[in-house]
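Next come the chains, spelled out residue by residue.
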Amino acid sequence: MSSTLDALGVLDVPDGPREPEPPPRRRAGTARTVRFFLRRPGLVLSVLVIAAVVLASFWPGLFTSRDPLTGVPAQAFRAPGAAHWFGTDELGRDLYARVVHGAALSLKATLIAVAVSFVAGGLLGLLAGFAGRWIDDALMRFVDVLLSIPALFLSLALVTALGYGTVKVAVAVGVASVATFARVMRSEVLRVRQAVFVEAARSCGTRWYAILGRHVLPNAIGPVLVLATLDFGTAVLAVSSLSFLGYGAAPPAPEWGTLISDGRNYLANAWWMTALPGLTIAATVLATNRIARALDGEWGRR
């Protein structure tokens with residue numbers, strides 16, 4: 001009887017245990033993410049550029065094995081080619097190796113600048129929006145004073161007072177961007193503070209710090225994180241500008257702004273010394289802005 005049922009296909013005994021299939025919702029989410037990126041090749045390229053910059057910052061040996069500080073005078077001013085992808089400088093140093101190793105200095109300064117502006121500005125905006133009354137007025141007048149000063153001038157004044165160096169340049173750039181973060185955080189806190197769930201938590205007798213930590217801050221932090229992504233590109237430009245003016249790391253440190261400054265005296269016969277580090281900065285900034293635009297609107301609408 002069993003052989004008859006087996007021949008008819010009624011008894012289908014599996015060879016081994018089957019793996020559980022992923023839930024339909026997870027499969028749909030994965031497919032939606034894949035379609036989102038496939039329809040946006042520019043976004044994929046931007047992610048690859050930022051990933052390459054991050055890898056070069058932490059593991060420059062993945063991209064080059066040359067010493068960025070050692071040069072061969074006989075190979076000075078070599079044009080870009082197979083031996084030297086970005087050419088060489090006036091001392092015969094490989095410019096590609098200097099750009100790769102300079103990513104660590106520039107990224108370190110940029111992260112410090114964004115962290116300073118994000119933490120300080122976020123705290124100011126959070127306190128002003130949640131406390132209100134005279135605290136809001138006093139903090140916002142201070143923010144208005146910061147907004148009235150051009151960011152580059154404020155950075156120059158701060159770095160002159162603090163002194164030269166990568167970290168001091170980063171702190172100066174971060175302080176110059178505090179006002180923008182404070183404004184965005186305050187507006188989001190004011191919006192969330194009037195929400196129904198916040199009023200319900202207050203009516204239930206929840207303490208103010210619990211409301212702030214559990215309800216207000218998690219729901220107000222999203223636009224500030226997007227602003228931090230956008231400010232990353234602005235910070236790269238600001239740090240490179242101050243390094244170009246000579247306020248960054250001391251030579252022969254291969255900071256990106258310093259590389260452009262070193263090559264400006266040789267534009268007539270060695271254009272690559274300025275153009276290629278400048279294109280690297282431009283690609284990093286454009287990639288960051290593209291990712292921020294996707295986080296801000298495109299992914300949310302999808």
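Look a little higher up for the structure.
Residues numbered from 1 in each chain as written. Predicted model: local features only at pLDDT ≥ 70, side-chain atom pairs only at ≥ 80, totals over all residues. Heavy atoms only, no water.

Student: What is the right way to look at the nonpolar core in this model?
Tutor: Here is a general trend for soluble globular proteins: nonpolar side chains tend to be buried in one another's company. V169, V173, V189, V216 and W256 are the most contacted members of the largest nonpolar core, which has 49 residues in total. The dominant element in this core, judged by the number of residues it contributes, is helix α10 (residues 208-244), at 12 residues. Each residue touching W256, except ones within four places of it in the same chain, is listed here: V53, V99, G102, A103, S106, S240, T280, I281 and T284. Within the second largest apolar cluster, 11 residues are counted, among which are L124, M140, A179 and A182. (Core = buried A, V, L, I, M, F, W, Y, C linked by side-chain atoms within 4.5 Å. Buried < 20%, exposed > 50% of the residue type's maximum accessible area, 1.4 Å probe, protein only. Helix = DSSP H or I, 4+ residues; strand = E, 2+ residues; numbered from the N terminus. Contact = heavy atoms within 4.5 Å.)

Student: Looking at this structure, how should I read the side chain of S117?
Tutor: Within the secondary structure, S117 sits in helix α4 (residues 95-131). The exposure class of S117 is buried, given its relative accessible area of 0%. Reaching out from S117, the side chain makes a polar contact with the backbone oxygen of V114 at a distance of 3.0 Å. Beyond its immediate sequence surroundings of up to four residues, S117 is in contact with G122, G174, S177, V178, F181 and D231. (Polar contact = N/O pair within 3.5 Å; in protein donor to acceptor, adjacent residues only side chain to side chain.)

Student: What is the right way to look at the side chain of T284 in this model?
Tutor: You can see T284 is positioned in helix α12 (residues 272-301). Residue classification places T284 among the buried residues on the basis of a relative accessible area of 2%. For T284, the residues in contact, after removing those within four places along its chain, are V49, I50, V53 and W256.

Student: What is the right way to look at unusual backbone geometry in this model?
Tutor: Leaving glycine aside, a negative phi is the common case for residues, and trans is the common case for peptide bonds. Positive phi values are uncommon outside glycine, yet F77 reaches one of about 60°. Relative to the helices and strands, F77 resides in the loop between α3 (41-58) and α4. Look at F77 and you get partly exposed, because its relative accessible area is 29%.

Student: When you look at the packing of α4 against helix α5 (residues 133-148) in this model, what are you seeing that I'm missing?
Tutor: Each packed pair of helices is defined by two parameters, the angle between the axes and the distance between the axes. In the contact formed by α4 and α5, the axes pass within 7 Å of each other and the chain directions differ by 145°. Between α4 and α5 lies a crossing whose hand is left-handed. Two secondary-structure elements touch here, α4 through L124, L127, A128 and A131 and α5 through R133, I135, D136, L139, M140 and F142. Among the residues forming the contact of α4 with α5, the class breakdown is eight nonpolar, no polar and two charged. (Axes fitted to C-alpha atoms, helices over the stretch in contact; angles between N-to-C directions. Left-handed = near helix turned anticlockwise from the far one by under 90°. Nonpolar A, V, L, I, M, F, W, Y, C, P; charged D, E, K, R; others polar.)

Student: What exactly am I supposed to notice about α4 here?
Tutor: Helix length check: α4, at 37 residues, gives a terminal C-alpha distance of 52 Å against a target of 54 Å (1.5 Å per residue), a fit within 8%. A maximum bend of about 30° is found in α4 at G102. For α4, the N-terminal capping position is held by D94, with its side-chain oxygen 3.4 Å away from the main-chain nitrogen of Y96. (Expected span 1.5 Å × (residues − 1). Bend = angle between axes of the 7 residues up to and from the residue.)

Student: Can you help me understand the pattern of salt bridges in this one?
Tutor: Here the idea is simple: oppositely charged side chains can pair when their charged atoms come close. The full count for this structure, using the stated rule, is eight salt bridges. Between E90 and R93 there is a salt bridge, with its nearest N and O atoms 4.0 Å apart. Exposure remark for R93: the relative accessible area of 7% places this residue in the buried category. Residue R191 pairs with E188 through a salt bridge whose shortest N-O separation is 2.7 Å. Of the two residues, R191 and E188 are both situated in helix α8 (residues 178-193); the distance of three residues between them amounts to about one turn of the helix. Take E188: its relative accessible area is 15%, and that puts it in the buried class. Here the salt bridges share partners, and the residues they tie into one network are D89, E90, R93 and R98. (Salt bridge = Lys/Arg side-chain N within 4 Å of Asp/Glu carboxyl O.)

Student: Looking at this structure, how should I read the packing of aromatic side chains?
Tutor: The description of two aromatic rings rests on the distance between their centres and on the angle between their planes. One pass over the structure, following the stated rule, counts seven aromatic pairs. Plain terms: the ring middles of Y164 and Y247 are 5.1 Å apart, the flat faces sit at 85° to each other, and that makes the pair edge-to-face. Residue Y164 is located in the loop between α6 (151-162) and α7 (166-176), and its partner Y247 is located in the loop between α10 and α11 (256-263); the two are separated by 83 residues in the primary sequence. Taking the centre distance of 5.8 Å and the plane angle of 80° together, the rings of W271 and W272 count as edge-to-face. Connected via pairs of aromatic rings, a cluster forms that spans W85, F86 and Y96. (Phe/Tyr/Trp six-rings, centres within 6.5 Å; stacked < 30°, edge-to-face > 60°.)

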